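# Breakdown of the fold
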Amino acid sequence: MVNKAWRIIPRPLLETILNNHAQHHRVHQPLIVHGPRGVGKTTLILDRLLGEWNKGPHLTGYVDFAQSIKDHHPSFDGSFPWPSWSTCDPPSLSNCRTQLENCLESMAHKGIKLGTISSHQIFSTLNKWHGLNTALRRILSQSASKTVVSSKVSLSGLWDRAVFALSARSNAEEIDGVLELEEKGKSLSIEEASYLREAIVALRLAKEVIKVQQRWRANAIAELNRTGRFSRSLANSCTDWPCLLLELLSQAAEIDHFQPKLIINNVEILRNATLTDDSTVCGSMYHDSLIWRIIALGANEQCLPVVLVTSDSYYSYQAFMDFGFPDIFISRETFSWSPQEAKMHMVTDYFTHAEWMVIDDVLGPNPRHLFELYVLKHTNYYHKLMENEASTFEDIVDAYLAFLQVTVVNPSMDKALKLLQKFASDSRSGKILENRLRFGAPWRHPPSSDNPTTCMEWAKIQLMDFVQSLVNTEFGVNYLADCSLEILDDPAAVALLEVGLLYAQRDPSIIRPITKGIQRCLARWLVQERMQLSYQNLLQYLWQRIIRGRSYRHLMLQVGYDKY
């Protein structure tokens, strides 16, 4: 049996594209790296790129919002879920916000240590977007001296006084620790050290000014959260601090001296983060404000390279339209290897040729499937199974498929059923737009009562109808084929996209299962559910298929295209 340590295999083309983007000190557009789960996006960033992007003048901040979900993160002995992060308990927005701000603050401290961010630069950047007079006077009135400041003092004079007042009550040893002055004390003059200390205090003052202004808006934000309305100014006020840091770092960027970059992994988690208090707007509004302002900074003044990494297919097409137009981001979509590439890397090193033929037919070339199956090969279960002369490698593959069915697909389908039940409830309460319930839509007539059993039966028939239509199209639907986007109105399609079992890729524009293994599990789920239907429900399902059933065969893949 092959027994070789698993290794990270380079992706030369994608690595070259990302390296070329990262070599620029400022860019006009953020870059989105997106693709189905299990294709190695996080592995590529952490094991192949992040180390190189922190050498020499390069400084890369890495924020992984999934770290807040401890049960499903490798940092806490967990593993990333196969389905969408929406199937896990969402983290609090305050945790995600703190992660982002701490990362950007540490990067700003590095810029200050290199002398590229000064107190004057912080003041001028802050003054460009914020009225400082009242906030600075409020901060000065709360200082220990409580000196009355004349109304004739200039704004820059107020800033200098506030910096002095804040430095007086700051811990000098803590500031020196941030700047690491003890390590470089012999090489810095007193004036240089004072210059750096002033910049650190000025950064803290800028944060204090934004906090003061945020407190003034606290009641308005609480009312916004209570009513569920939208306010761009209030949303932007919640992202003022991270966006100020981004602008400072972008202005300070200099080729071969200080080249900061930011990577945000699992950015979709920010959209679903939960509110624990009224200190900020909801997660989706915070997410949209942050990305809008990154786009605006890049378009107007150029921004440091920002790379968003995600497995949510919302970012493959819909996000581009929601934020303006199809080219508003730089899109880099990555998939798993082709069968030929995977065979070249796997055969003889990890699997025999006969084993690979089974894997290629059943699971496909998805790297995560291959890794999990390889780990399973080295367990005691595999050795005991293979001791039986009647057992073959196909038995271990079938056991792995059963594991995916029980732990991944079935729970995700249960979540999708809940989403369909919510759609029925929203339809009854008038929350669904009429054009989505147009004449002829298979989902046009949800139950008129709120009986849970009736709603569940309707949701299950709708989901089975959709999966059957997907089987009829050979598990591949071109959602832009007739420019109608009709499939994106289908609540069953939206539910399966949301739970992460389907992926809507960008180019070509195909909705498909995330892997061939998940595709087989979806077919198994359909067969199992049909077998469990009562006679009455079976008649309802057949009536749905014959009279109102979905048909997406006109959106099938072009001949000869291999979606995996």
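Note: the structure precedes this text.
Described below are features of the structure shown in this document. (Residues numbered from 1 in each chain as written. Predicted model: local features only at pLDDT ≥ 70, side-chain atom pairs only at ≥ 80, totals over all residues. Heavy atoms only, no water.)

## Let's talk about the overall build of the protein chain
- Helix and strand counts for the protein chain come out as 24 helices and eight strands.
- Here the protein chain holds 564 residues, and the buried ones make up 51% of them.
- Nonlocal contacts in the protein chain, meaning residues at least 24 apart in sequence, comprise 76% of its contacts between residues at least 6 apart.
- Summing over all exposed atoms, the protein chain offers an accessible surface of approximately 26300 Å²; the carbon and sulfur share of this is 52%.
- Side-chain charges of the protein chain comprise 58 positive and 60 negative groups, with the mean position of each set lying 5 Å from the other. (Helix = DSSP H or I, 4+ residues; strand = E, 2+ residues; numbered from the N terminus. Buried < 20%, exposed > 50% of the residue type's maximum accessible area, 1.4 Å probe, protein only. Contact = heavy atoms within 4.5 Å. Areas by Shrake-Rupley, 256 points an atom, 1.4 Å probe, with all protein chains shown as cover. Lys, Arg positive; Asp, Glu negative; His and termini not counted. Charge placed at Lys NZ, Arg CZ, Asp CG, Glu CD.)

## Description of the pairing of strand S3 (residues 259-265)
- With seven of seven residues buried, S3 lies mostly within the body of the structure.
- Of the two faces of S3, the one holding Gln259, Lys261, Ile263 and Asn265 and the one holding Pro260, Leu262 and Ile264 are both buried throughout.
- The pairing of strand S2 (residues 58-64) with S3 spans seven bridges and is parallel. Of the residues in S3, the one forming a bridge with Thr60 is Lys261.
- As judged from the four bridges shared by S3 and strand S4 (residues 306-310), these two strands associate in the parallel manner. Bridge pairing in S4 places Ile263 opposite Val307. (Pairing = 2+ DSSP bridges.)

## Here we look at the sheet that holds strand S5 (residues 330-333)
- The sheet built from five strands is open, its strands ordered S2-S3-S4-S1-S5 with parallel pairing. Pairing within the sheet leaves two strands with one partner each, and these edge strands are S2 and S5. Strand after strand, the sheet turns through a mean of 20° between neighbouring axes, direction not considered.
- Along the sheet face, helix H3 (residues 93-113) touches S2 and S3 and points at about 170° away from the line of S2. (Axes fitted to C-alpha atoms, helices over the stretch in contact; angles between N-to-C directions.)

## Notes on the packing of aromatic side chains
- Applying the stated criterion across every chain yields a total of 16 aromatic pairs.
- Where Phe323 meets Phe329, the ring centres are 5.8 Å apart and the plane angle is 75°; that geometry is what we call edge-to-face.
- The exposure class of Phe323 is buried, given its relative accessible area of 2%.
- A ring pair is formed by Phe423 and Trp458, whose centres lie 6.5 Å apart and whose planes are at 5°; its orientation type is stacked. In this pair, Phe423 sits in helix H20 (residues 393-428) while Trp458 sits in helix H21 (residues 452-472), placing the two residues 35 residues apart along the sequence. (Phe/Tyr/Trp six-rings, centres within 6.5 Å; stacked < 30°, edge-to-face > 60°.)

## Section: the nonpolar core
- Counting 86 residues, the largest nonpolar core has Leu100, Trp159, Leu205 and Leu262 as the members making the most contacts within it.
- Here this core gets 12 residues from one element, more than from any other, and that element is helix H9 (residues 190-216).
- Once residues lying within four places of it in the same chain are set aside, the contact partners of Trp159 are Ser119, Ile122, Phe123, Leu126, Leu136, Ala202, Leu205 and Ala206. (Core = buried A, V, L, I, M, F, W, Y, C linked by side-chain atoms within 4.5 Å.)

## Description of the environment of Arg229
- Relative to the elements of secondary structure, Arg229 occurs in the loop between helix H10 (218-227) and helix H11 (232-238).
- Here Arg229 is in contact with Leu224 and Met285, once residues within four sequence places are set aside.

## Quick word on the pattern of salt bridges
- Applying the stated criterion to the full structure yields 23 salt bridges.
- The partner of Arg204 in a salt bridge is Glu174, and the shortest N-O contact between them spans 3.2 Å. Of this pair, Arg204 sits in helix H9 while Glu174 sits in helix H7 (residues 172-179); the two residues are 30 residues apart in sequence, bridging distant segments of the chain.
- For Arg204, a relative accessible area of 28% translates into the label partly exposed.
- Take Glu174: its relative accessible area is 42%, and that puts it in the partly exposed class.
- Linking Arg520 and Asp361 is a salt bridge whose minimum nitrogen-to-oxygen distance equals 3.7 Å. Within this pair, whereas Arg520 is found in helix H23 (residues 516-532), its partner Asp361 is found in helix H17 (residues 353-362), the two being separated by 159 residues in sequence. (Salt bridge = Lys/Arg side-chain N within 4 Å of Asp/Glu carboxyl O.)

## Describing unusual backbone geometry
- Here the amide bond leading from Asp507 into Pro508 is cis, since omega sits at -5°, within 30 degrees of zero.
- By secondary structure assignment, the location of Pro508 is in the loop between strand S7 (502-504) and strand S8 (510-513).
- Here the phi dihedral of Glu474 falls at roughly 60°; this positive angle occurs in a residue that is not glycine.
- As for its placement among the helices and strands, Glu474 is situated in the loop between H21 and strand S6 (477-478).
- Residue class for Glu474 comes out exposed when judged on its relative accessible area of 57%.
- We note that Phe475 has phi near 60°; this positive angle belongs to a residue other than glycine.
- Tracing the backbone shows Phe475 in the loop between H21 and S6.
- Given a relative accessible area of 7%, Phe475 falls into the buried group.

## Description of helix H16 (residues 339-346)
- Among all positions in H16, only Pro339, Ala342, His345 and Met346 are buried. Projected down its long axis, H16 carries its buried residues within an arc of 130°, all on one side. What points out from H16, more than 90 degrees from its buried face, is the exposed set Gln340 and Met344.
- On its buried side, H16 packs onto H17 and helix H18 (367-377).
- Immediately downstream of H16, the backbone of Thr348 shows phi near 75°, a positive value. (Arc of directions from axis to C-beta.)

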